[in-house]
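As a plain string of letters, each chain reads:
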Amino acid sequence: MCGKLALMLKKQGKKPLLAACDIYRPAAIKQLQVVGGSVGVPVYEQGQISPLKILKGAFEVAEKNGNDVVIIDTAGRLHIDEELMQELQAIKNTYKPHEILLTVDSMTGQDAVNVADTFNKQLDITGVLLTKLDGDTRGGAALSIKAVTGKPVKFCGIGEKMTDLEAFHPERMASRILGMGDVLTLIEKAEAEIDEEKARQMTQKMKKNQFDFEDFLESISQMKNMGGLGSIMSMLPGLGGMGGMGKMKGISEEQTSQAEKNMARMEAIIYSMTPAERRNPDILNPSRKHRIARGAGVDISEVNRMVKQFGEMKML
């Protein structure tokens, strides 16, 4: 979650530094280094010494290198662990962080509320980060945490990928719960992830009937950057909502999953084509299609169907 937050801030023009202060869990420091490397954010660590000493070095490095945000990854702990809670209080009193964000699992329901209440009483947290809001929890934990602690839910985790973190908007979450979609978040994702110039060029090619399989691959890539087909469908009015709400609108999670599998198979078929075949589908004769089917591990009928559907789509 620290890595997801760092990536979000990086996209907003910040220069974050991750500080490895989980000195208890085996391989926690290495894990943070791997996560930091995957999002292009540096990680400061000094091994398994006192977190207060680690942070002293981290802030010195941040000042030297111009890092304007330091994200402190502390160890997970139970609120009944007095020694570890005192460690957090010492970090707070010494370095006076601008934000103290508690990460809680929304799937734990009432337990998440109890944990948030106890941590807030001891640390006066500034906000909560809810994970697994892509599940069947309906966001009820968010409502309860706000009511009990008086502190806002600031971010929500909506998947496993590093990009699957959103700022929490109560009214948008309510729309998703009710199956009304979340068009504003979808627009924000599109603005952040889609290359405007590429999109303009693709539109022009479609208008001129020049859209090819290379362009189709690019559109699939951009869809993945936005969280994939399932994520996009969940934000469209009438096509999802959260968790099982899609069933009320005629689209189940199984159907969404199948659609994503079909798209992956189409992608495999296109990657089995030569660059010339992708740019000019008209040269796809029977022998070429058989070769493509073998390369993608599918039946020739799937290749024929996709090529036919692609041709029909170009004519729309």
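Everything numeric here is computed off the predicted structure, so don't read it as measured data. (Residues numbered from 1 in each chain as written. Predicted model: local features only at pLDDT ≥ 70, side-chain atom pairs only at ≥ 80, totals over all residues. Heavy atoms only, no water.)

**Student:** How should the overall build of the protein chain be read in this particular structure?
**Tutor:** Regarding its fold elements, the protein chain presents 15 helices and 7 strands. In the protein chain, buried positions account for 43% of the 316 residues. As presented, the protein chain carries roughly 17,000 Å² of accessible surface, and 55% of it is formed by carbon and sulfur atoms. (Helix = DSSP H or I, 4+ residues; strand = E, 2+ residues; numbered from the N terminus. Buried < 20%, exposed > 50% of the residue type's maximum accessible area, 1.4 Å probe, protein only. Areas by Shrake-Rupley, 256 points an atom, 1.4 Å probe, with all protein chains shown as cover.)

**Student:** How should helix α5 (residues 110–123) be read in this particular structure?
**Tutor:** Between its terminal C-alpha atoms α5 stretches 20 Å, which fits the 20 Å expected from 14 residues at 1.5 Å a residue. Among all positions in α5, only Ala112, Val113, Ala116, Asp117, Phe119, Asn120 and Leu123 are buried. One or two positions beyond α5, positive phi appears at Asp124, with a value near 55°. (Expected span 1.5 Å × (residues − 1).)

**Student:** So what exactly am I meant to see when it comes to the side chain of Asp164 here?
**Tutor:** Relative to the helices and strands, Asp164 is located in the loop between β6 (153–157) and β7 (165–167). One buried charged side chain, Asp164, makes no salt bridge at all; its nearest oppositely charged neighbour is Lys161, positioned 5.0 Å away. A polar contact is formed between the side chain of Asp164 and the backbone nitrogen of Glu160, at a distance of 3.3 Å. Residues contacting Asp164, with those up to four places away along its chain left out, are Lys4, Cys156, Gly157, Ile158 and Gly159. (Lys, Arg positive; Asp, Glu negative; His and termini not counted. Salt bridge = Lys/Arg side-chain N within 4 Å of Asp/Glu carboxyl O. Polar contact = N/O pair within 3.5 Å; in protein donor to acceptor, adjacent residues only side chain to side chain. Contact = heavy atoms within 4.5 Å.)

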